[in-house]
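Geometric and topological summary
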Amino acid sequence: MRDTVSPSARASVSAMQRLLVTGGAGFIGSNFVRWLMANTDVSVVVLDKLTYAGNEDSLSDLPADRVQLVVGDICDAELVDSLVADTDAIVHFAAESHNDNSLNDPWPFVQTNIVGTYTLLQAARKHDTRIHHISTDEVYGDLELDDPDKFDESTPYNPSSPYSSSKGASDLLVRAWVRSFGVKATISNCSNNYGPYQHIEKFIPRQITNVLSGLRPKLYGTGENVRDWIHVDDHNSAVWTILNHGVIGETYLIGADGEKNNKEVIESILGLLGQPTDAYDLVTDRPGHDMRYAIDSSKLRAELGWKPKYRNFTEGLMATIDWYKANDSWWRPAKEATEAKYAKTGQ
Ligand code: NAD
Ligand code: TDX
């Protein structure tokens, strides 16, 4: 694809005044909007369905004259068309995002991740609007623990779960819309994010809020599985870099060399919270559980000059723990229902 695209296909920073951010009330999307408020002058329209994973409170302290929330579905073609007509660029975060949920009920993943992305692409095509599609390293499947290779942009797609396969399908739609219809799209595939405002169903905030609730952390299987952790602000600075300087049609992998196995992470959380580091339970493993993710982000670093800021995982984790301690009212209402859902699968 790269050979057919000229450098003039790069977007210009000054042209972006008004962004449509889908999924902007979720974890990464709300942090992206917050990051934009601190680092740019753009205004944002958030389109978010406010599913169980969306939270209006994640945006409530942001300036009302620069951030507008539209509650709606990315599969609603009429609504999407009307919003895209009035925007300079789309940053597409909205998705069903949790692997465990996709194993229990895949349908919302097919609908939102595939049909929703299709709906946005059709609007981008009609209005000739720049779009950046947020995706995941999970589209590449997994690596063995001792594999010296990491994922890069040429790794073949080999997703394991309904979630990762629906994200893979959405990436392929984006590539086809670039090639067949000239849609001005880029794609990024990022590794596991951590930071504030992450739903407590996910690994790190689940364990932090378990300890804060007097419950024991839960480790799937034996905890050898490795994830390549990146702070959410580093993910979002990379997204902004790609949106402004990426080459249309290109895919960029985002990662910060943060490989850790789950056992190490749970022990760090317990240690930082002043608990014995073995005070956790081993629970039923996730079916089809990917063993290891690892990202080679040298293309993004070499071609677009991006680099991560958060180099110390323990410090980032401590700041995340402090955030959950200080924001009990943000997560507490979801705790009981989240744990009740896990109890049904023995997790
Ligand atoms: P999240 O579940 O926290 O947030 C998703 C948001 O999308 C929620 O606010 C939800 O209400 C909204 N949404 C869901 N369905 C919608 C629909 N049909 N219409 C409109 N809004 C809808 O997810 P996240 O962790 O912030 O992930 C954001 C994106 O980043 C996803 O595309 C995900 O695949 C990708 N990603 C996540 C990670 C990670 O570690 N969390 C890593 C790489 C990529
Ligand atoms: O309680 C738990 N115990 C546990 O051991 C939970 C919730 C998870 N785990 C394990 C499973 C994984 O190996 O921790 C690891 C991380 O789990 P999740 O937080 O569910 O993340 P993961 O499945 O790796 O996917 C995440 O990163 C890639 C995001 O949820 C995706 O949206 C993103 O695409």
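Anything mentioned here points back to the structure above.
The following paragraphs examine the structure supplied in this document. The structure displayed is predicted, hence computed values, not measured ones.

Around ligand 1, a shell composed of 28 residues is seen, among which Ile28, Asp48, Ser97, Tyr163 and Lys167 lie nearest. Note that a nitrogen atom of ligand 1 is positioned 3.0 Å from one of the backbone N or O atoms of Ile74. Isolated, ligand 1 exposes 830 Å² of accessible area, and the fraction of that covered by the protein chains is 97%. Those elements that place two or more of their residues in the shell around ligand 1 are helix H1 (27-39), strand E5 (130-136) and helix H5 (162-181). A total of three residues in the shell around ligand 1 trace back to one element, the largest contributor, which is E5. A class-by-class count of the residues in the shell around ligand 1 yields 12 nonpolar, 12 polar and four charged.

Neighbouring residues of ligand 2: 22 residues in total, closest Thr136, Glu138, Tyr163, Arg286 and His289. Contact distances for ligand 2 include 2.9 Å between an oxygen atom and a side-chain N or O atom of Asn99. A distance of 2.5 Å separates an oxygen atom of ligand 2 from a polar side-chain atom of Tyr163. When ligand 2 is considered free in solution it has 650 Å² of accessible area, and contact with the protein chains removes 94% of it. When residues of the shell around ligand 2 are traced back to their parent elements, those giving at least two are helix H6 (203-212) and strand E8 (218-220). In terms of residue class, the shell around ligand 2 is made up of six nonpolar, nine polar and seven charged.

Further remarks concern the packing of H6 against helix H8 (residues 262-272). For the pair H6 and H8, the least separation of the axes is 10 Å and the interaxial angle reads 35°. For the element pair H6 and H8, the recorded crossing hand is right-handed. Across the interface between the two elements, Phe203, Ile204, Gln207, Ile208 and Val211 of H6 pack against Asn262, Val265, Ile266, Ile269 and Leu270 of H8. In terms of residue class, the contact of H6 with H8 is made up of eight nonpolar, two polar and no charged.

Okay, the side chain of Thr87 next. Considering the arrangement of structural elements, one finds Thr87 in the loop between helix H2 (77-84) and strand E4 (89-92). Judged by its relative accessible area of 12%, Thr87 is buried. Only 3.0 Å separates the side chain of Thr87 from the backbone oxygen of Arg18, close enough to count as a polar contact. A polar atom in the side chain of Thr87 sits 3.3 Å from the backbone oxygen of Ala89.

The rules we used
- Just so you know, the residues in each chain are numbered from 1, in the order the chain's sequence is written.
- Just so you know, chain letters begin at A and ligand numbers begin at 1, following the order they were written in.
- Totals for whole chains, interfaces and linings use every residue, but because this is a predicted model, local features are given only for residues with pLDDT of at least 70 and side-chain atom pairs only at 80 or more, for both listing and counting.
- In computing side-chain values, all of the structure's heavy atoms are included and hydrogens and water are not.
- It suffices for a single heavy atom of a residue to lie within 4 Å of a molecule or strand for the residue to be listed as near it.
- Pairs of N or O atoms are called polar contacts if they sit within 3.5 Å, as long as, within protein, a hydrogen donor faces a hydrogen acceptor (for residues adjacent in sequence, only side-chain-to-side-chain pairs).
- Surface exposure here means Shrake-Rupley accessible area, sampled with a 1.4 Å probe, where a residue is shielded only by the protein chains that are shown.
- Numbering of helices and strands runs from the N terminus, with a helix taken as a DSSP run of H or I at least four residues long and a strand as a DSSP run of E at least two residues long.
- Throughout this entry, Asp, Glu, Lys and Arg are counted as charged residues, while Ala, Val, Leu, Ile, Met, Phe, Trp, Tyr, Cys and Pro are counted as nonpolar. The remaining residues, Gly among them, count as polar.
- Comment: axis = line fitted to C-alpha atoms, over the contacting stretch for helices; angle = value between 0 and 180 degrees taken between N-to-C directions.
- A clockwise turn of the near helix away from the far one marks a right-handed crossing, whereas an anticlockwise turn of less than a right angle marks a left-handed crossing.
- Any pair of residues with heavy atoms lying within 4.5 Å of one another is described as a contacting pair.
- Relative accessibility under 20% of the residue-type maximum defines a buried residue, over 50% an exposed one, and the middle range a partly exposed one, all with a 1.4 Å probe and only protein chains included.

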